[in-house]
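Structure assessment
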Amino acid sequence: MTENYLELHNIKKSFSDFTLEDITFSLPKGFIMGLIGSNGAGKTTTINLILNMLEKEQGKIEIFGQDHLKNEKQIKQSIGVVFDSNFFVDAWTVKETEKAISIFYDEWNHSMFQELIKKFELPANAKVRELSRGMQMKLMLACAFSHNAKLLILDEPTSGLDPATRDEFLEILQDYIKDGEKSVLFSTHITIDLERIADYITYLKHGRLFFTGSREQLLEKYFIIKGVSHELTDDLRRSIVGLRQTNMGFEGLIEASTTKQYKGYVLDVPTIDDIMIYMGK
Amino acid sequence: MRAILRIVKLDFYTLKEQFSTYWILPVVILIFSAMSSSIVVLSITAAWFILIVNTNIFAIQEKNGLERLYASLPIRQSHIVLGRYVFTIINFLLSYLIALVAGIVTSIAYSREFLMADTIKGFCLAFLLFSVISAMQLPIYIKAGYTKGKMLSLIPFVAVIGLLFISSFVDGFSSIINSALVHTGFTSVASLVIGVVATIISYYVSVQCYKKKR
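Attention here is on the structure that accompanies the text.

So, how was this worked out
- Residues numbered from 1 in each chain as written.
- Chains lettered and ligands numbered in written order.
- Predicted model: local features only at pLDDT ≥ 70, side-chain atom pairs only at ≥ 80, totals over all residues.
- Heavy atoms only, no water.
- Helix = DSSP H or I, 4+ residues; strand = E, 2+ residues; numbered from the N terminus.
- Rg over C-alpha atoms; globule rule 2.2 N^0.38 Å.
- Buried < 20%, exposed > 50% of the residue type's maximum accessible area, 1.4 Å probe, protein only.
- Contact = heavy atoms within 4.5 Å.
- Buried area = accessible area lost by both parts, 1.4 Å probe.
- Salt bridge = Lys/Arg side-chain N within 4 Å of Asp/Glu carboxyl O.
- Polar contact = N/O pair within 3.5 Å; in protein donor to acceptor, adjacent residues only side chain to side chain.
- Phe/Tyr/Trp six-rings, centres within 6.5 Å; stacked < 30°, edge-to-face > 60°.
- Lys NZ or Arg CZ within 6 Å of the ring centre and 35° of its normal.
- Pairing = 2+ DSSP bridges.
- Axes fitted to C-alpha atoms, helices over the stretch in contact; angles between N-to-C directions.
- Core = buried A, V, L, I, M, F, W, Y, C linked by side-chain atoms within 4.5 Å.
- Parallel < 35°, antiparallel > 145°, perpendicular 65-115°, else oblique.
- Left-handed = near helix turned anticlockwise from the far one by under 90°.
- Nonpolar A, V, L, I, M, F, W, Y, C, P; charged D, E, K, R; others polar.

Within chain B, the regular secondary structure consists of 10 helices and zero strands. Listed by position from the N terminus, the elements making up chain B come as α-α-α-α-α-α-α-α-α-α. Here the C-alpha radius of gyration of chain B, 18 Å, is about what a compact globule of 214 residues would show, namely 17 Å. By principal-axis analysis of the C-alpha atoms, chain B measures approximately 55 × 40 × 30 Å. Looking at chain B residue by residue over its 214 residues, the buried ones come to 46%. Restricting to contacts in chain B with at least 6 residues of sequence separation, those with at least 24 account for 81%.

In structure tokens:
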């Protein structure tokens, strides 16, 4: 049986202008899950609920098979978190950051931290405010890895990073889950990153769960259908999601299960980005 | 208990860069002390100073988004609040210690009499001032954060200053204060009790404010 490191069941949280509702998904041990959705879809709210920064109104969250509230302290010993921006005091040096954070973890490994800051080329005496965004991300990762976190929760970590740093960041994550004992929940709207590393995708749309499953399942679920204008029948128009029409023709997203009826049309395999773009229309 | 001490330690690390401003305290205290100020005045001055600089932790917390750091750490939310209260009280005790040392040093240097009763009275009155003001300030900062809470947190200061100002004009107030100054033992114990009760109530209010933020 697959062991899930993270399980959300029917989670609900309401704000005056937004409701996150009926969110159910699970992340198995040893895999990377991409949490996607456009801005305001509920990705950060979901992460804040997992971390108990927000109080859920309904539902259940289990981490490592335990209730995330009842065993919060114990669970967080094995969770590493990286947000979209630095959350350490900017006056701390890299060395002082270790000093301040390490006291909270039973399994803090000083040699591993030393090794990681060397590997990530983080100057030990540099202040956090002097580090680039990419380096601040690496510092958060170094802290997460040094207490032997089994579940890494990343909230838009690659937004604002240059392509080379992003690539390096993704490599670090791939390396991290190599032993099959660790999992990553990775919220992002840069879906190209997920094409590379994600095993599972959870797609949120306007606060609702739109899809959760393997990346392949999502990509196999849809096709991009293309044709010239006169081929666009009323039936087809109704089946297409995010129809885009030009003088030359049309294109849009169509469910794979319906494509048998449209054999003469051009059918392309979409990317995650394509799915998000068409679904957002 | 270990968890609380870790949070206190984290708060001290957080304020690290601000500690340079703490040098003002011994300097001011020594000047006041050399000017023949009593240990009671020195203690109250130290408490007043700490009340002002203590708010810096909320400014740094807000600037660096430390709520996210706290959420990632293996700690209970109520412990974060309790840790902040312990941190605040430790700061007060350290400031009192500075006032006490300065008082002793200048007493020896100027061959002045040093009364133990004054030391206790100074501690109790400083604690009363400190705990009543911080009991009002802390829930405001915990609920509203530094930027929003800054103006509101001035209310306790204004209230205390206003009360002292009014007392000089109203006979009733003056007689209460005079009586309190005469009955030193009772005043000291009452100050301690009021301070402790105010702090405990404030802590529970702060925990509720912290929870409601979620």
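Attention shifts here to the interface of chain A and chain B. Each partner contributes residues to the interface: chain A has 31 residues there, and chain B has 25 residues. The three residues of chain A that bury the most area against chain B are Lys-73, Ile-103 and Phe-104 of chain A, which together make up 26% of that side's buried surface. For Lys-63 of chain B, the salt bridge goes to Asp-90 of chain A, with nearest N and O atoms at 3.1 Å. Our count for the chain A to chain B interface comes out at 12 residue pairs in polar contact (both at pLDDT 80 or more). When contributions to the side of chain A that touches chain B are tallied by element, the ones reaching two or more residues are helix 2 (72-76) and helix 3 (94-102) of chain A. By residue number, the principal contributor to the side of chain A that touches chain B is helix 3 of chain A, which donates four residues.

Further remarks concern the packing of aromatic side chains. Tallied over the entire structure, the rule returns 21 aromatic pairs over all chains. Note on Phe-31 of chain A and Tyr-200 of chain A: the rings are 5.4 Å apart at their centroids and 85° apart in plane angle, and the pair reads as edge-to-face. One end of the pair, Phe-31 of chain A, is in the loop between strand 2 (19-28) and strand 3 (32-36); the other, Tyr-200 of chain A, is in strand 9 (residues 200-205), with 169 residues separating them in the sequence. Judged by its relative accessible area of 31%, Phe-31 of chain A is partly exposed. Counting every residue linked through ring pairs, the aromatic cluster contains Phe-92, Tyr-96, Phe-123, Phe-127 and Phe-130 of chain B. Positioned above the aromatic ring of Phe-15 of chain A is the side chain of Lys-13 of chain A, whose terminal nitrogen or guanidinium carbon lies 5.7 Å from the ring centre. The positively charged end of Arg-84 of chain B is found above the aromatic ring belonging to Phe-58 of chain B, 4.9 Å away from the centroid.

Glancing now at the sheet that holds strand 14 (residues 266-268) of chain A. All names here are of chain A. Strand order in this open sheet of four strands is 12-13-11-14, and the pairing throughout is antiparallel. Sheet topology places strand 12 (241-245) and strand 14 at the edges, where each strand pairs with a single neighbour. This sheet shows a mean twist of 20° between the axes of neighbouring strands, independent of strand direction. One ladder, built from three bridges, connects strand 12 with strand 13 (residues 249-255); its direction is antiparallel. Counted as the bridge partner of Gln-245 is Phe-250 from strand 13.

Another aspect to go through is the nonpolar core. If you look at the biggest cluster of nonpolar residues, it comprises 135 residues, and the most contacted ones within it are Leu-6, Phe-88, Trp-92 and Leu-141 of chain A. With nine residues, the single largest contributor to this core is helix 6 (residues 77-109) of chain B. Here Phe-88 of chain A is in contact with Thr-97, Ile-101, Val-128, Leu-139, Met-140 and Cys-143 of chain A together with Asn-64, Leu-66 and Leu-69 of chain B, once residues within four sequence places are set aside. Core analysis: the next-biggest nonpolar cluster, separate from the first, contains eight residues, Leu-232, Ile-240, Ile-254 and Tyr-262 of chain A among them.

Right, let's get into unusual backbone geometry. Residues and elements named next belong to chain A. The backbone of Asp-22 sits at a positive phi, close to 55°, despite the residue not being glycine. Tracing the chain through its elements places Asp-22 in strand 2. For Phe-64, which is not a glycine, the phi torsion comes out positive at approximately 50°. Within the secondary structure, Phe-64 is located in the loop between strand 4 (58-63) and strand 5 (66-67).

Its place among the elements puts Thr-14 of chain B in helix 1 (residues 2-14). Sequence separation of Thr-14 of chain B and Ile-60 of chain B is 46 residues, and the distance between their C-alpha atoms is 7.4 Å. With residues near it in sequence (within four places) discarded, Thr-14 of chain B still touches Val-89 and Trp-92 of chain A together with Ile-57, Ile-60 and Leu-66 of chain B. Within the local environment of Thr-14 of chain B, its side chain forms a polar contact with the backbone oxygen of Leu-10 of chain B, the two atoms lying 2.6 Å apart.

This part is about the packing of helix 3 (residues 39-53) of chain B against helix 8 (residues 154-167) of chain B. All names here are of chain B. With their axes 12 Å apart at the nearest point, helix 3 and helix 8 run at an angle of 155° to one another. Taken together, the axes of helix 3 and helix 8 lie roughly antiparallel to each other. Of the residues in helix 8, those in contact with Trp-48, Leu-51 and Ile-52 of helix 3 are Phe-157, Val-160 and Ile-161.

Time to look at helix 3 of chain A. Looking at helix 3 of chain A, one finds that the buried residues are Val-94, Thr-97, Glu-98, Ala-100, Ile-101 and Ser-102 of chain A. Contacts made by the buried residues of helix 3 of chain A are with helix 4 (110-119) and helix 5 (133-146) of chain A together with helix 1 and helix 5 (66-72) of chain B.

Quick look at the packing of helix 1 of chain B against helix 6 of chain B now. All names here are of chain B. Their axes nearest at 8 Å, the elements helix 1 and helix 6 cross at an angle of 60°. As helix 1 packs across helix 6, the resulting crossing turns out to be right-handed. Packed against helix 1, whose contacting residues are Ala-3, Ile-4, Ile-7, Val-8, Asp-11 and Phe-12, the element helix 6 presents His-79, Ile-80, Leu-82, Gly-83, Arg-84, Val-86, Phe-87, Ile-90, Asn-91 and Leu-94 at the interface. The class makeup of the residues in the contact of helix 1 with helix 6 is 11 nonpolar, three polar and two charged.

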